Amino acid sequence: MKKLALILPIALLAACGEEPAPEPVPTETVAPEPVSTLPAPDQALFTEVFAETCEGAEPVNTAVCRRAMGADEVACEFGLGEDTYLRHDATLAANADNTGWMIKDAEAICAQHGAHHN
């Protein structure tokens with residue numbers, strides 16, 4: 001009887017291992033969406049974009065840019081020349097091919113600061 005008690009569990013284990021594993025189901029691979037690699041808008045970037053866009057305007061002395069989570073645009077406050085206060089506002093938006101920032105409504109911003117828009 002002891003031999004039968006020892007053989008039965010071994011026989012059950014052997015029977016369980018004989019079933020073939022199911023075939024793997026192919027999964028559809030979805031390409032990830034391209035991630036924007038625009039640089040973070042900071043004072044240096046805003047200064048550069050402003051100088052390129054508004055030729056003849058006083059140089060940016062100070063700037064703070066803020067972007068809401070998931071927003072396509074960036075709100076910037078800035079001071080020009082000797083001014084250390086953030087008296088002026090501008091909005092940055094991605095350019096047409098999403099490779100850089102540009103000043104939204106650049107013509108009005110440049111005119112406001114006595115400069116020529118490129």
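Described in the following lines is the structure provided in the data block.

The rules behind each value
Once a new chain begins, its residue numbering starts again from 1 and follows that chain's sequence as written. In view of the model being predicted, local features appear only for residues whose pLDDT reaches at least 70, and side-chain atom pairs are presented and counted only at 80 or more, with totals across whole chains, interfaces and linings using the full set of residues. Hydrogens are left out, water is left out, and the side-chain values use all remaining heavy atoms of the structure. Under the scheme used here, helices are H or I runs from DSSP no shorter than 4 residues and strands are E runs no shorter than 2 residues, and both carry numbers assigned from the N terminus. Only heavy atoms matter for contacts: two residues are in contact if any of them lie within 4.5 Å across the pair. Paired strands, as defined in this entry, are two strands with at least two bridges between them according to DSSP. The convention used is that axes are lines fitted to C-alpha atoms, helices contributing only their stretch in contact, and that angles between N-to-C directions extend from 0 to 180 degrees. Only protein chains enter the accessibility calculation, which uses a 1.4 Å probe. A residue is then buried if its area is under 20% of the maximum for its type, exposed if over 50%, and partly exposed in between. Polar contact is defined as a pair of N or O atoms within 3.5 Å, subject to the rule that within protein one atom must be able to donate a hydrogen and the other to accept it, and that residues adjacent in sequence are counted only when both atoms are side-chain atoms. We define a nonpolar core as any set of buried Ala, Val, Leu, Ile, Met, Phe, Trp, Tyr and Cys residues linked to one another through side-chain atoms lying within 4.5 Å. Here the arc refers to the set of directions running from the helix axis out to each C-beta atom.

Right, let's get into the overall build of the protein. Looking only at helices and strands, one finds 3 helices and 6 strands in the protein. Helices (α) and strands (β) of the protein occur, in sequence order from the N terminus, as α-α-β-β-β-β-β-α-β. Of the contacts made within the protein by residues no fewer than 6 positions apart, 34% connect residues no fewer than 24 positions apart.

As a further point, take the sheet that holds strand E2 (residues 60–66). Backbone hydrogen bonds are what pair the strands of a sheet, in a parallel or an antiparallel way. One open sheet accounts for 4 strands, arranged E2-E3-E4-E5; its pairing is antiparallel. Of all strands in the sheet, those bounded by a partner on one side alone are E2 and strand E5 (101–104). Strand-to-strand, the axes of this sheet are offset by a mean angle of 35 degrees, without reference to chain direction. Set on the sheet, helix H2 (residues 43–53) makes contact with E2, strand E3 (73–80), strand E4 (88–94) and E5; between it and E2 the angle comes to about 115 degrees.

Turning our eyes to something else, we now look at the environment of Ala90. Its place among the elements puts Ala90 in strand E4. Residue Ala90 is classed as buried on the basis of its relative accessible area, which comes to 5%. As for Ala90 and Phe46, which are separated by 44 residues in sequence, their C-alpha atoms are 9.6 Å apart. What Ala90 contacts, discounting residues up to four positions off in sequence, is Phe46, Val74, Ala75, Cys76, Phe78, Ile103 and Ile109.

All right, on to the side chain of Asp83 then. Summarising the element assignment, Asp83 is placed in the loop between E3 and E4. At a separation of 2.5 Å, a polar atom in the side chain of Asp83 contacts the side chain of Arg87.

Before going further, it helps to examine the nonpolar core. Grouped together as the largest cluster of nonpolar side chains are 21 residues, with contacts concentrated most on Phe46, Phe50, Val60, Phe78, Leu92 and Ile103. Taken together, the elements giving at least two residues each to this core come down to H2, E2, E3, E4, E5 and helix H3 (106–112). What Val60 contacts, discounting residues up to four positions off in sequence, is Phe46, Thr47, Phe50, Phe78, Gly79 and Leu80.

Another point: H2. Among the residues of H2, Leu45, Phe46, Val49, Phe50 and Thr53 are the ones counted as buried. Buried residues of H2, viewed axially, fall in a sector of 125 degrees; they line one side.

By the secondary structure assignment, Asp42 is in the loop between helix H1 (2–16) and H2. Residues Asp42 and Arg66, 24 residues apart in the sequence, show an inter-C-alpha distance of 8.5 Å. Among the polar contacts listed, one links the side chain of Asp42 to the backbone nitrogen of Leu45, at a separation of 2.9 Å.

Scope: geometric values only; no functional claims are made or implied.
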